[in-house]
Amino acid sequence: MKRFLPAAAALAGFLAASVTLYHELWRLQYHFSPARTWTNDPNGLVWYKGEFHLFYQNNPFGDKWGHMSWGHAVSKDLLHWKELPVAIPEENGIMIFSGSAVVDANDASGLCQSTEPNDPSCLIAIYTGHTATLQTQNIAVSNDRGRTFTKYKGNPVLDLHMKDFRDPKVTWYAPAKKWVMAVSLPNEHKIRFYGSKNLLQWALLSEFGPAGATGGQWECPDLFEMSAAEKTDARKWVLIVNVNPGGVQGGSAVQYFVGKFDGTAFHNDNPAEQTLWADWGKDYYAAVTYYDSPPGDMSKYLIGWFSNWEYANDEPTAPQRGAMAIPRELMLRGTPAGIRLMQRPVSSLATLHGTELGMRDRDIASANQDIADKGFHGHQMEIIATFEPGSAKEFGLQVHKGATERTVVGVTSDGHLYVDRTKSGRSDFSPKFPGRQTAPLRLGKFVTLHILLDTSSVEVFAGDGERVISDRVFPAAASDGIEVFSNGGAAKVASLRMWKINSVWP
Ligand code: FRU
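Since this is a predicted model, take the numbers as computed values, not measurements.

A look at the state of the cysteines
This structure, assessed with the given rule, holds one disulfide. One disulfide bridge connects C112 with C122, the sulfur atoms lying 2.1 Å from each other. Residues C112 and C122 share a disulfide whose torsion about the S-S bond is about -60°; that sign makes it left-handed. Residue C112 is located in the loop between β5 (95-104) and β6 (122-130), and its partner C122 is located in strand β6; the two are separated by ten residues in the primary sequence. Both residues of the pair, C112 and C122, belong to the buried class.

Set out below in structure tokens:
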């Protein structure tokens, strides 16, 4: 009997742990995070054979950065994720840094070993192999839908004998029937473009940069083509360049350039000194798009890491650390300042809607009365609030609100959107965490705020999606109030809809 005691105790411990897994205080309930362990950048975003793949920078052995490998999860709707075993592990002291994945539809690489009769395809991952002194670009092939990968014998496929040279993102350039890789020279603030017909031999095409924000290292580039505006055939190219530090709010952030890629070089439509930020929050980084989407789905999906290198290793979550922000659908639209990226949360989010509250034409006090009467409080919420600013100096919502805690989502009459998390809850883990993030916002007669709340986050989309602020917050469980407010004059609630959002975890 005695012999079984430790095993029984271990089993009891395991059962206790598994009961609470995914129900921890700050576990995001409809954003991806690994069950345990650490994540940073999303990697290898590709739709293939009915699954959206999310590979991610992962430390399989701990909840802080280290032993970088590609973790793996799959989803049908970009919301419900199934975590799978590590797809590409660190090996022989070489870490697997960020990169991308493509479908090699016709076995151009000669590496596919498909067993399906009419489908010669396989998945190819292109990643950076990292040691303390060298970063190179490498290939791995999967013939089992991303479950396992075999490293290519001819690795590395690109080696400049440099310490910093990383994050290859490969796209298909149809006019020349070739793949194009964007890869970063972080310290030079340059993106290099390489071309290849077989994913194995790569020829240098051109370089872009420095331009835009160059306050830190350039990382995780992404080059893709999109329709330039609704209802036109015009196409534009977008080049995303993540930068850390030197982001818009300090630390890590995502910038983008709009222009033309001619098969060889990227030509920026805007002056080199202009910076366009994709997100004005503190916690959005390493964002990259999907290589492919399901047949008939023209959406361009973007996923970013929900953190900032200033304090990523210190966030107070357990037993995991790091998460992905909500997947976004991208559009380009003309604005008075030029063509800009517009973003909205993935449309499948509506499938998670629970109870709804709706109201129209209310003053602030009666709107709050209704929110309270209908029992609308909680940490998992989608809110679409349209305000009529009137004479107010400031208006918006207080969320994750308790006796002393609140996160404020506000608009000021001088044309700014902000999220203030100075009193949002736990923030003692880093002096860089508390603060107020502000973005310029064009105001009209009405101002609409589209807000996603999860147990430890707030994401705000405004100005038709031209402005986004993504922030983590760590409120007490009891701080689950929601109120609208106005200061220095009367604003009205023209309309307000909110839905409770169901958890995606079992
Ligand atoms: C960006 C980054 C990448 C690198 C990876 C390492 O967050 O620094 O440049 O490949 O993280 O985990």
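Concerning the sheet that holds β5
The strand order β5-β6-β7-β8 describes an open sheet built from four strands, whose pairing is antiparallel. Of all strands in the sheet, those with a lone pairing partner are β5 and β8 (150-151), marking the two edges.

A word on the packing of aromatic side chains
Per the stated rule, a full pass over the model turns up 27 aromatic pairs. Residues F32 and Y56 carry aromatic rings whose centres are separated by 5.1 Å and whose planes lie at 50° to one another, so their mutual orientation is tilted. Of the two residues, F32 sits in the loop between α1 (4-20) and β1 (37-48) while Y56 sits in strand β2 (residues 51-59), which places them 24 residues apart along the sequence. Aromatic side chains F55 and W70 sit 5.5 Å apart centroid to centroid with 40° between the ring planes, which places their arrangement in the tilted category. Of this pair, F55 sits in strand β2 while W70 sits in strand β3 (residues 69-75); the two residues are 15 residues apart in sequence, bridging distant segments of the chain. Considered together, F55 and W70 belong to a single accessibility category, that of buried residues. Members of the aromatic cluster, joined through ring pairs, are W26, Y311, F429, F433 and F474.

Focus: the domain arrangement of the protein
Per the domain assignment, the segments making up the protein are domain 1 (31-345) and domain 2 (353-501). Here the C-alpha centre of domain 2 lies 31 Å away from the C-alpha centre of domain 1. Counting from both sides, the interface comprises 29 residues of domain 1 and, opposite them, 29 residues of domain 2. Buried area between domain 1 and domain 2, summed over both chains or domains, comes out near 2,400 Å², and the portion from carbon and sulfur atoms is 59%. Among the salt bridges present, the one from D283 reaches R421, with a minimum N-O distance of 2.8 Å.

Definitions and cut-offs
Residues numbered from 1 in each chain as written. Predicted model: local features only at pLDDT ≥ 70, side-chain atom pairs only at ≥ 80, totals over all residues. Heavy atoms only, no water. Disulfide = S-S within 2.5 Å. Helix = DSSP H or I, 4+ residues; strand = E, 2+ residues; numbered from the N terminus. Buried < 20%, exposed > 50% of the residue type's maximum accessible area, 1.4 Å probe, protein only. Pairing = 2+ DSSP bridges. Phe/Tyr/Trp six-rings, centres within 6.5 Å; stacked < 30°, edge-to-face > 60°. Domains from an automatic or database assignment. Contact = heavy atoms within 4.5 Å. Buried area = accessible area lost by both parts, 1.4 Å probe. Salt bridge = Lys/Arg side-chain N within 4 Å of Asp/Glu carboxyl O.

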